[in-house]
Amino acid sequence: MAHHHKLSLKSLLHHDHHKEEKEHPLAMSDEHILELIYSTHVHSDTKFEVDPLFTLVHNTLSRSTIIVEDLVQGSKSSMEEIDEKILQANFCSPYCTLKQISYEMCCKAPGELTAHETAVAILHKLSHYEWDAKAHLQTDVLAKSLAVMKRVPLLIRPANLQKHREAITEVNNLVKAILQVIELIFELEKLSSYDTKDVPALLPAREHIPVDVYWCIITLAAIVTQIECLITDSEEKQELYHYGQKINVILSKLRKHITLCRLQIEEAEYYRKLRKLFQTPTEIMEVFKALIFAKDAPQPLFDCSTETTVDIAVLKKKHVYLFISTLEITEEEISVLSPVHECIKSEEKYKIVWVPIVEEWTEHLRKKFEVLKAKMKWFVVQHFGSIAGYKYIKEEWQFKKSPMVVVLNPQGKVLHQNAFHLIEAYGMKAFPFTTVQQEIIHKEKHWVGSVVGGIHSNVDTWIKEEKYIIFYGGKDKEWIQEFSRSAASLANESVIKELKISIELFCVEKENRNVFKRFWKKVESLFVTKAHKGADAVKQEVQRLLCYKDEIGWALLSKGSSVVVSGHGSTMLKAVTEFERWKEVVVKKGFELSFKEYHERVASETHRCAQFEIPDVAGKLPEAMNCPDCPRVMDIFITYKCCHNDNTSTTTNANSTYY
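Per an unreviewed UniProt entry, the protein chain is named Protein SIEVE ELEMENT OCCLUSION B, and its organism is Stylosanthes scabra.

Bringing the nonpolar core into the picture now. Of all hydrophobic cores here, the largest spans 63 residues; its most connected members are Phe323 and Trp447. Counting residues per element, this core draws most heavily on helix 23 (residues 513-530), which supplies seven residues. In terms of nonpolar packing, the next biggest core, distinct from the first, is built from 48 residues, Ile168, Ile182, Ala222 and Leu240 among them.

Okay, the packing of helix 26 (residues 579-589) against helix 27 (residues 591-604) next. Relative orientation of the contacting elements helix 26 and helix 27 amounts to 140 degrees, with a least axis distance of 7 Å. By the angle class used here, helix 26 and helix 27 are oblique. Here helix 26 runs over helix 27; the crossing is right-handed. In contact with Arg581, Trp582, Val585, Val586 and Lys589 of helix 26, helix 27 contributes Phe591, Leu593, Ser594, Phe595, Glu597 and Tyr598. Residues belonging to the contact of helix 26 with helix 27 are distributed by class as follows: seven nonpolar, one polar and three charged.

So, on to the sheet that holds strand 1 (residues 301-303). Read from one edge to the other, the open sheet built from seven strands follows the order 2-1-5-4-3-6-7, with strand pairing classed as mixed. The sheet is open, and its two borders are formed by strand 2 (308-310) and strand 7 (414-416), each paired with just one other strand. Ignoring which end each strand starts from, the neighbouring axes of this sheet average 35 degrees apart. By the bridge criterion, two bridges tie strand 6 (residues 404-408) to strand 7 in an arrangement that is antiparallel. Note that in strand 7 the partner of Leu408 across the bridge is Val414. Where helix 15 (residues 363-373) meets the sheet, its contacts fall on strand 1, strand 4 (350-356) and strand 5 (379-381), and the angle it forms with strand 4 comes to roughly 155 degrees.

For the coordinates displayed, the defined rule picks out 28 aromatic pairs. Look at Phe278 and Trp397: their rings are 5.3 Å apart centre to centre, the planes differ by 75 degrees, and that puts the pair in the edge-to-face class. Placement of the pair is Phe278 in helix 11 (residues 241-279) and Trp397 in the loop between helix 16 (390-395) and strand 6, with a sequence separation of 119 residues. On the accessibility criterion, Phe278 (9% relative accessible area) is buried. Relative to Trp397, the ring of Tyr392 has its centre 5.6 Å away and its plane inclined at 80 degrees; by these criteria the two rings are edge-to-face. There is no split in this pair, since Tyr392 and Trp397 are both buried. Here the aromatic cluster, defined as three or more aromatic residues joined through ring pairs, consists of Tyr468, Phe579, Trp582, Phe591, Phe595 and Tyr598. Against the face of Phe384 rests Arg366, its NZ or CZ located 4.1 Å from the ring centre. The ring centre of Phe302 lies 3.9 Å from the NZ or CZ of Lys373, which sits over that ring.

Once that is clear, we can look at the sheet that holds strand 8 (residues 468-473). Adjacent strands of a sheet pair through backbone hydrogen bonds, lying either parallel or antiparallel. Taken in spatial order, the four strands of this open sheet run 9-8-10-11, and their pairing is mixed. For this open sheet the edge positions go to strand 9 (503-507) and strand 11 (562-568), each flanked by a neighbour on one side alone. The average angle at which neighbouring strand axes cross in this sheet is 20 degrees, direction not considered. Taken together, the five bridges between strand 8 and strand 9 define a ladder with parallel strand orientation. Looking at the pairing, Tyr468 lines up with Ile503 of strand 9. Strands in contact with helix 20 (residues 457-464) are strand 8 and strand 9; relative to strand 9, the strand with the most contacts, it is inclined by about 145 degrees.

On to the pattern of salt bridges. Taken as a whole and assessed by the stated rule, the structure comprises 22 salt bridges. Residue Lys521 pairs with Glu333 through a salt bridge whose shortest N-O separation is 3.9 Å. Of this pair, Lys521 sits in helix 23 while Glu333 sits in helix 13 (residues 331-335), and the two are 188 residues apart along the sequence. Taking the relative accessible area as the measure of exposure, Lys521 reaches 33% and is therefore partly exposed. Among the ionic pairs, Glu524 bridges to Lys549, the shortest N-O distance being 3.0 Å. Residue Glu524 is found in helix 23, and its partner Lys549 is found in the loop between helix 24 (537-547) and strand 10 (554-559); the two are separated by 25 residues along the sequence. By relative accessible area, which is 10% here, Glu524 ends up buried.

This part covers the packing of helix 25 (residues 569-577) against helix 27. Contact geometry for helix 25 and helix 27: axes closest at 9 Å, N-to-C directions at 125 degrees. With respect to each other, helix 25 and helix 27 are oriented oblique. Of the two possible hands of crossing, helix 25 and helix 27 adopt the one that is right-handed. Contacts between helix 25 and helix 27 involve Thr571, Met572, Lys574, Ala575 and Val576 on the former and, on the latter, Phe595, Tyr598, His599, Val602 and Ala603. Residue composition of the contact of helix 25 with helix 27, by class: seven nonpolar, two polar and one charged.

This part takes up the environment of Met428. Relative to the assigned elements, Met428 resides in the loop between helix 17 (420-426) and helix 18 (435-442). Taking relative accessible area as the criterion, Met428 reaches 27% and is therefore assigned partly exposed. Placed 89 residues apart in sequence, Met428 and Pro339 show a C-alpha to C-alpha distance of 7.5 Å. Ignoring sequence-local partners within four residues, the contact set of Met428 consists of Pro339, Val340, Cys343 and Phe433.

Let us look at the side chain of Ser450. Following the sequence through the fold, Ser450 ends up in helix 19 (residues 448-452). Residues in contact with Ser450, not counting those within four places in the same chain, are Ala425, Tyr426, Lys429 and Lys522.

Each value, and the rule that gives it
Sequence order as written defines residue numbering, which begins from 1 separately in each chain. Owing to the predicted nature of the model, reporting of local features is limited to residues with pLDDT of at least 70; listing and counting of side-chain atom pairs is limited to 80 or more, with chain, interface and lining totals taken over all residues. Hydrogen atoms and water are omitted, and side-chain values are computed over all heavy atoms in the structure. Residue types Ala, Val, Leu, Ile, Met, Phe, Trp, Tyr and Cys, when buried and joined through side-chain atoms within 4.5 Å, form a set referred to as a nonpolar core. Buried, partly exposed and exposed residues are distinguished by accessible area as a fraction of the type maximum, computed with a 1.4 Å probe on protein chains only: under 20%, between the cut-offs, and over 50%, respectively. A run of H or I in DSSP becomes a helix once it reaches four residues, and a run of E becomes a strand once it reaches two; helices and strands are each numbered from the N terminus. Lines fitted to C-alpha atoms define the axes, with helix axes restricted to the stretch in contact, and inter-axis angles between N-to-C directions lie between 0 and 180 degrees. Oblique is the label for any angle not under 35 degrees, not over 145, and not in the 65 to 115 range, which are roughly parallel, roughly antiparallel and roughly perpendicular in turn. Helix crossings are classified by the rotation of the near helix relative to the far one: an anticlockwise turn of less than a right angle makes the crossing left-handed, while a clockwise turn makes it right-handed. Contact between two residues is taken to exist if any of their heavy atoms lie within 4.5 Å; hydrogens are not considered. Gly is placed with the polar residues, together with every amino acid not listed as nonpolar (Ala, Val, Leu, Ile, Met, Phe, Trp, Tyr, Cys and Pro) or charged (Asp, Glu, Lys and Arg). For two strands to count as paired, DSSP must find a minimum of two bridges between them. Pairing of aromatic rings covers Phe, Tyr and Trp, the last through its six-membered ring, and needs centres within 6.5 Å; plane angles under 30 degrees mean stacked, over 60 mean edge-to-face, and all others mean tilted. Consider the ring centre and the ring normal. A charge sits over the ring if Lys NZ or Arg CZ is within 6 Å of that centre and within 35 degrees of that normal. Here, a salt bridge means any Lys or Arg side-chain nitrogen found within 4 Å of an Asp or Glu carboxyl oxygen.

Here it is in C-alpha cells:
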C-alpha cells in the first residue's frame, strides 16, 4: 500500500485549513448527509431515460478499465470478451447538463472538503433528476475523463509508470466498484415497480439510495481530481482509500438488499400463482404439487396403512382432505380423523393426507415425526424441508397452531377451509365435510347426541330412547357429590314416578380423563363451527355451556338430544333441591317446562358474569361476541398459557377469552 493510504482520519480532518470550520464529509453520519442532500433535491415531473445513458457509460468504462489494466499489468486483453450493451439508436444525450457537471469537476485541488463541495454543487445542478439519473449523469462525465487515461503512457516517462502503478490500479478498481454500485442502484429502481407489501426489503434499500448516490458522486469527484494529478504528475495527490472503503461497504449492502428483494419477489410471484391456481379449476395433483413442493421435485407420499411409499399421482381425480398440523398434535386430535379413514378407506374417491408443518427440521423433530406417523393410517407428506406454500396456508387459510382439515375437490377447489371442528363435533354425520353440508347440519336444533355420542354405551341408549338426561360436572368435588345426591333424589320422587318420567344421570367428571377432555373438545368444536352465525339458538346454548366449564359446578338437562335447560352449579342445584316448591306445577305443565321456568326464576335472582375460553384455532374468530344471557357485547381478552411439560404435545396455547 502506498504511503498516502496510511493517512489517519484525524490528519484528513485537519486538511484544507481554510475550511476547517466545516464538518468533514468522512465524519458525517448518514442521517446528516441525507438531511443535507435532500435540501438539494426537487421533486418534479422531469423524466430522463436512464437506460441509454447507462448503456453508454457501461460500454465506455468497461473498455477504459480494461485498457488501464493492460497498461499497468503489461498484458493484452481481448475486447471481444467485453459484455457490451446495445445503445438505443434515438438516444439524445443531455449535453448541456453534462457540460455543466464536467465544468464543476475540472481543475479541483485535492482534498475531502473540496470533493464534498463539488458533490453538493453537482447535486444542486441535478436537483430535478431522480436519484438513479443523478448517479448515471455523473458517471458519464467520469467516462469522458477516464478515456483520457489512455494517454497516460504518453504523458509520463516509463520510469514514472512504476511510481504511479499502485495509484492507477486504485483508481481503476474504484471506478469498477462504482460502476457496480450504480448498476445495482439502477436494478433497485427497476424493482421499485413491486409493492413494498410483497417486497418489504425494497423500503430500507430505496430509502438509502440518496446517501449511496452522494457517496458515488463525491468519490467520482475525488477520482477525477486524482486522474488529473496523475496525468500532470503533480506532487499533491487525492486520497482515495477511505472512499474505497465506503464504496465497498455500499456495494456489499446493495448486493444483500437485492438478493433479499429477488427472494421476496420470487415468493410473491409464487404466492400469486398459488392463489390463481386455487381460483382456477385445475387437477388436484397439480395443485397439491404446487402447494407442497413448488419448484422442488415432488417426493413420494408415505402410505401408513401399507407402510410403503406411493407416487403423488395416487391423488389424481380424488377428493383430498389435507390434514395440516405442527408436530405438537395430540393423539386425541389424530383420533378425530380415524373414523373418517375407516369409512372412506374402501372408497377410492377420497384420500386423507397429513401435511406436517415444520419450519426447521432437526434430528429430534424427525424422530417425533416418525412417532406421530406410526399413529396414522392415511397418506403422509415426507418432505424434510419447509412446505413451499406455508405462507399461503398461514395467511389465506389462517393456519395457527391447532390442526386443520382443508377439503379439496378433484379440481383443486376448496370446499371447506377448515373442516376439523366440523368433523370433531359431528363425525361422519357431516360427511363429505363441505360448507354446504355444514349449513345443512346447522339447521338441526338437536346437538347433544353429537357431543356425547360414543362416550358411554348407556348414554347412546338413553339418547335413542329420548330419555331425560342430566349431564353435570365441575371443579368442586363437594358440589358434585351434593348434586349427585339431590339429582338422584329428584329422579326417585313419587310425583316423577307416578308420571312415569325417567331421569338418567351422567357425571362427566367421574368418567376417565379422556371422556372429560373429549366432551369439552366436542363442545368447543361445535361452537367454532357456529361462531360466525348470527342469532342462532344452538350457538347460544353451546356458548352458555362453555361459560360453565371452569365453574364449581354445572348441569345440563336434555330430552334425548334436545337441550331443555343448562345452568351454573349453584342455580341448578337450588332448582333440584327445591323440587317441593314446584312439584305441583309438574303435574299441570309437565317436567320440562316446570324445571325450565323454576330455574329461570332462580337464575334471575343472582348476578353472575358470563365468560368462556376457546383455543386460538385456524380461521378468524368473531371480533364481536354477544353474551348468551343478555344482549350486550362481551369483552375479549387474550390468554397465553404454558404447561411447562415436555411430555405433552400441547405445551403452549393462546386462547381468546370472552367476558
